[in-house]
Amino acid sequence: MKFDFTNALGENLLDGIKYEGIKGITGRLHAFLENFRQNPPGFVKVFKDSSHLEQILKVADKCKKFENFVLVGIGGSALGNQAVFGALFHPMWNSLPKNKRNGFPRFFVMDNVDPEHIASILDIVDPAESVFNIVSKSGSTSETMANYLVVRGILEARGLDPREHLVFTTDPNEGVLRKISIDENIPALEVPSNVGGRFSVLTAVGLLSGASTGVDVKKMLDGAQEEVDRFKNEDDTFKNPVLLNAAIHYLYSRGGKSISVMMPYSNALYTLADWYRQLWAESLGKEKSLTGETVNAGQTPIKSLGTIDQHSQVQLYMEGPNDKVITFLRVESFRRNLKIPVVHQDRKELSYLCNNEMKDLINYEQEATSLALLEHGRPNLTISFDSINETEIGRFFGYYELLVTAMGFLYNINTFDQPGVELGKQNTYALMNRKGYEAQKQHIEDVKKNLKIFKI
Ligand code: PA5
């Protein structure tokens, strides 16, 4: 992965953050670096943890024999898996015959509790030929638990042994999944206690589905570790892509740029932008600072796809409110390429395309958009993948986990909690009449009683 910050800096961009502005927060950036060196966060420790990996690979060997690998999870317990799948797999993987999948399973995700979505997966997945990986760190997320019960009900109705068709990925000690796995001897992998949901893609959460479907997960871990090493061994902010990018996003966000767009110029990388959205939103969107002041920190993460959204979003990015920092992802060497044939060469409206390669067209479009944004005073930066492979995807995960941690340090917030989603969860439990939530149910009724209703 290579980084180009040229179009984000005030030396080149009207009203941009300048070198001197970044130097002004060097003390904070170095405090973060030092803090990290002394006390690295839990998610970093798993990148080199080989015992964790061995267990995952052992379970994956069993999962590989199935026709279908069905992941049941949501949020941090599904988005990383989808990102890996989107980036590294043939887009029509599930429609390929088994030999074209090198014998590996098809891959499905049961995340949302949209009955049409879940029922349609169950229409085409034969439970007898499937392994269901139930992933929930807490073991209490209602969507995942509901989908688990649906799966469990089907296994029981079909007389299929849950110990054969289920694998849990959950907290080592806490939660109902851990209890069930102990009571019923269902295989279970651990989400390390010191790794939060959205930082867990490079633990059993994200690695089991990958390893079971043929991904070289060791390369992903090594890629992430390379980014950690690059970060922690570089004191110069202007040579350290984590520190520089954190400074850029932090200073722009403080200056009113409240939106952070990620725009891959590659369909395969689009699911990475979904993973990034959760990481950025849940980690940085915080009401209170660590010292208790109201800060309402964060930037709203948006995803766009190049070139498609040049014909949808870019007009706004160019001329609408100047409230965004845009990160482009581009690929230097695509896994496949197409040459545009020489047809209609006598027509100047088409001839400039003839004999060109499609990979060059998409990359020139990215460069053209990036420069046009610069000329409109819109800060943007570009992250280039050499190609799309396990190592680069691992680097991306490692890099963004570090970046978001650095951002949280600069905002002085707790990057690793998510108090804002708790109330919604409590309300759901209350509305579903979960035992112990009677007072919350009463509270909801009281709130509703006092509302002026505007329904049509
Ligand atoms: O980042 C987080 O902690 C959350 O987004 C969780 O990943 C999400 O809520 C799912 O939680 P769990 O794995 O406990 O089911």
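Residues numbered from 1 in each chain as written. Predicted model: local features only at pLDDT ≥ 70, side-chain atom pairs only at ≥ 80, totals over all residues. Heavy atoms only, no water.

(A) Geometry of the nonpolar core. Ranked by size, the top nonpolar core spans 100 residues in total, and within it W275, I393, F396, F397 and Y400 carry the most contacts. The residues that make up this core include at least three from each of domain 1 (2–37 + 220–411) and domain 2 (65–213). Judged by nonpolar contacts, the second largest core, of 19 residues, contains V70, I121, F132 and I180. (Core = buried A, V, L, I, M, F, W, Y, C linked by side-chain atoms within 4.5 Å. Buried < 20%, exposed > 50% of the residue type's maximum accessible area, 1.4 Å probe, protein only. Domains from an automatic or database assignment.)

(B) Molecular detail of the domain arrangement of the protein. We note that the domain assignment places domain 1 (2–37 + 220–411) and domain 2 (65–213) within the protein. Distance from the C-alpha centre of domain 1 to the C-alpha centre of domain 2: 31 Å. Between domain 1 and domain 2, the buried area comes to about 1,600 Å², and carbon and sulfur atoms account for 68% of it. On the surface where domain 1 and domain 2 come into contact, there are 1 salt bridge. Summed over the shared surface of domain 1 and domain 2, the number is 7 residue pairs in polar contact (both at pLDDT 80 or more). (Buried area = accessible area lost by both parts, 1.4 Å probe. Salt bridge = Lys/Arg side-chain N within 4 Å of Asp/Glu carboxyl O. Polar contact = N/O pair within 3.5 Å; in protein donor to acceptor, adjacent residues only side chain to side chain.)

(C) Local environment of the pairing of strand β8 (residues 300–303). Here strand β7 (residues 259–264) pairs with β8 via 4 bridges, running parallel. Its bridge partner being in β8, V261 is matched across the sheet by I302. Read as a crossover between parallel neighbours, the route from β7 over helix α13 (residues 270–284) to β8 is right-handed. (Pairing = 2+ DSSP bridges. Helix = DSSP H or I, 4+ residues; strand = E, 2+ residues; numbered from the N terminus. Right-handed = clockwise from strand over helix to strand, strands pointing away.)

(D) Fine view of the packing of helix α2 (residues 26–38) against helix α17 (residues 390–411). Contact geometry for α2 and α17: axes closest at 10 Å, N-to-C directions at 125°. If you check the angle between α2 and α17, you find them oblique. The crossing of α2 and α17 is right-handed. On the side of α2, the interface is formed by R28, L29, A31, F32, N35 and F36, while α17 contributes L402, T405, A406, F409 and L410. In terms of residue class, the contact of α2 with α17 is built from 8 nonpolar, 2 polar and 1 charged. (Axes fitted to C-alpha atoms, helices over the stretch in contact; angles between N-to-C directions. Parallel < 35°, antiparallel > 145°, perpendicular 65-115°, else oblique. Left-handed = near helix turned anticlockwise from the far one by under 90°. Contact = heavy atoms within 4.5 Å. Nonpolar A, V, L, I, M, F, W, Y, C, P; charged D, E, K, R; others polar.)

(E) Fine view of the pairing of strand β3 (residues 106–110). Of all 5 residues making up β3, 5 are buried, and the element is well covered by its neighbours. Judged by which residues are buried, β3 turns out to be covered on both faces: R106, F108 and M110 on one side and F107 and V109 on the other are all buried. In this sheet, β3 lies alongside strand β2 (residues 68–72) in parallel orientation, the contact comprising 5 bridges. Each bridged residue has a counterpart across the sheet, and for F69 the counterpart in β3 is F107. For the segment spanning β2, helix α5 (residues 79–88) and β3, crossover handedness is right-handed.

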